[in-house]
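# Chain and residue survey
Listed below are the residues making up each chain.
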Amino acid sequence: MRQTIAFRIVHNLENKDENIEVSLQIANNVDEMKKQLIQKLVQDVKTKFSEKYSDKPFQLDVSNIGEGKSYEQINLKISNFDKGDISLEFQKSNFDIPCLGIKFHQEADVKSNLHSEKMKSLLEEHFRDKKIWTSPLWPAGYYFDPRDWKNSSKVWLMVRDRSMATKILDEIVEIYEVLIKNGYEITS
């Protein structure tokens, strides 16, 4: 139904020269709008973090997000651990396909960490509604919901109303708390 409506709108737009020009200007500015909304998200995440978690043994790192490149991240840096983070990472450019989980900086660190193999089963047990996976840098991760940030207006509306900042922080901190509660110290 939505595709049919969109098709009719595009069909009507192409009937007038000025409509084509305006449509292309809008399309060319969507990425800029997303960058501005991501800056808002970053600010909201920083604000919520300072309100709720400033006294915890971890820090927020938002230094690698905002350009719209693949693999940009919001990270939770854990005290006494410099080999990885709890990370929300966009797998695609323009802030699309976010993954959330424990991400190490180097494959060798994943292999040498005493708990990395058990992290997947722990997250599987706790997050029963999520499909937990592993990769060479991620001992445990999952696709953050909503996953489609490219085409979903829901995502950007959540960013605008600040609920996305809360969702991101809550899930990142929940992963940290699950690990710590179960004795999986993330230490060097």
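For the structure itself, look to the data block above.
Throughout this document, residue positions are counted from 1 along each chain, in the order its sequence is written. In keeping with the predicted nature of the model, local features appear solely for residues at pLDDT of at least 70, side-chain atom pairs appear and are counted solely at 80 or more, and the whole-chain, interface and lining totals rest on all residues. Computation of side-chain values: all heavy atoms of the structure, hydrogens and water removed.

Moving on to the sheet that holds strand β4 (residues 96-104). When DSSP finds two or more bridges between a pair of strands, those strands are recorded as paired. What counts as a helix is a DSSP run of H or I of at least four residues, what counts as a strand is a run of E of at least two, and both are numbered from the N terminus. Here we have 5 strands laid out as an open sheet, ordered β1-β2-β3-β4-β5, and antiparallel in their pairing. Only two strands of the sheet have a single neighbouring strand rather than two, namely β1 (58-61) and β5 (140-143). Across this sheet, the average inter-strand angle for adjacent strands is 15°, counted without regard to direction. Strand direction decides the pairing type here: β1 and strand β2 (residues 73-78), joined by 4 bridges, are antiparallel. Opposite Q59, over in β2, you have K77 as the bridge partner. Axis lines are fitted to C-alpha atoms, over the contacting stretch for helices. Their N-to-C directions set the angle, which ranges from 0 to 180 degrees.

Mapped onto the elements of the fold, L37 is located in helix α2 (residues 17-52). Contact definition: two residues touch when any of their heavy atoms are within 4.5 Å. Among residues more than four places away in sequence, those in contact with L37 are W156 and V159.

Time to look at helix α6 (residues 163-181). Owing to its 3.6 residues per turn, the α-helix aligns residues three or four sequence positions apart on the same side. For α6, which comprises 19 residues, the first-to-last C-alpha distance of 26 Å matches the rise-based estimate of 27 Å (1.5 Å per residue) to within 8%. Here's how the labels work: a residue is buried when its accessible area is under 20% of the maximum for its type, exposed when over 50%, partly exposed in between, all with a 1.4 Å probe on protein chains only. Among the residues making up α6, those that are buried are M164, A165, I168, L169, E171, I172, V173, I175, Y176, V178 and L179. G183 occupies a position one or two residues after α6 and carries a positive phi of about 80°. Here the expected length of a helix is defined as 1.5 Å per residue gap, with one fewer gap than residues.

Within this analysis, patches are made of residues with over 30% relative accessible area and no salt bridge. Like charges are joined at 9 Å or less; nonpolar side chains (Val, Leu, Ile, Met, Phe, Trp, Tyr) at 5 Å or less. Every accessible area reported is derived by Shrake-Rupley at a probe size of 1.4 Å, with residue values counting cover from the shown protein chains alone. Salt bridge criterion: a side-chain nitrogen from Lys or Arg within 4 Å of a carboxyl oxygen from Asp or Glu. Taken together, the side chains of V22, I26, V30 and M33 present a nonpolar region at the surface, about 320 Å² in accessible area. Within the secondary structure, M33 is located in helix α2. Taking relative accessible area as the criterion, M33 reaches 39% and is therefore assigned partly exposed.

With that settled, consider the pattern of salt bridges. Oppositely charged side chains can pair when the atoms bearing their charge come close. The tally for this structure, following the rule as stated, stands at 10 salt bridges. Here K83 ties to D109 by a salt bridge, and the two come within 3.8 Å at their closest N and O atoms. Note that K83 is positioned in the loop between β2 and β3 (84-92) and D109 in helix α3 (residues 107-112), a separation of 26 residues in sequence. A relative accessible area of 26% means that K83 is categorised as partly exposed.

A separate point is unusual backbone geometry. Omega for the peptide link from D145 to P146 comes to 5°, which places this bond in the cis form. You will see that N94, though not glycine, has its phi angle at about 60°, which is positive. Assignment of secondary structure puts N94 in the loop between β3 and β4. Phi at F95 takes a positive value of approximately 60°, unusual for a residue other than glycine. With respect to the element layout, F95 can be found in the loop between β3 and β4.

A word on the packing of aromatic side chains. For any pair of aromatic rings, the description rests on two quantities: the centre-to-centre distance and the angle between the ring planes. We call Phe, Tyr and Trp rings a pair once their centres come within 6.5 Å, taking the six-membered ring for Trp, and we label the pair stacked below 30 degrees between planes, edge-to-face above 60, and tilted otherwise. Inspection of the entire model under this criterion finds 10 aromatic pairs. Judged by centre distance (6.1 Å) and plane angle (45°), the rings of F49 and Y53 are tilted. Pair check on accessibility: F49 and Y53 agree, each one buried. Among the aromatic residues, ring-to-ring pairing joins F49, Y53, F58 and Y176 into one connected group. The ring of Y143 is capped by R147, whose NZ or CZ atom sits 3.7 Å from the centre of that ring. The ring of F144 carries the charged tip of K167 above its face, separated from the ring centre by 4.5 Å. Charge-over-ring contacts are defined here by two conditions on Lys NZ or Arg CZ: a distance within 6 Å of the ring centre and an angle within 35 degrees of the ring normal.

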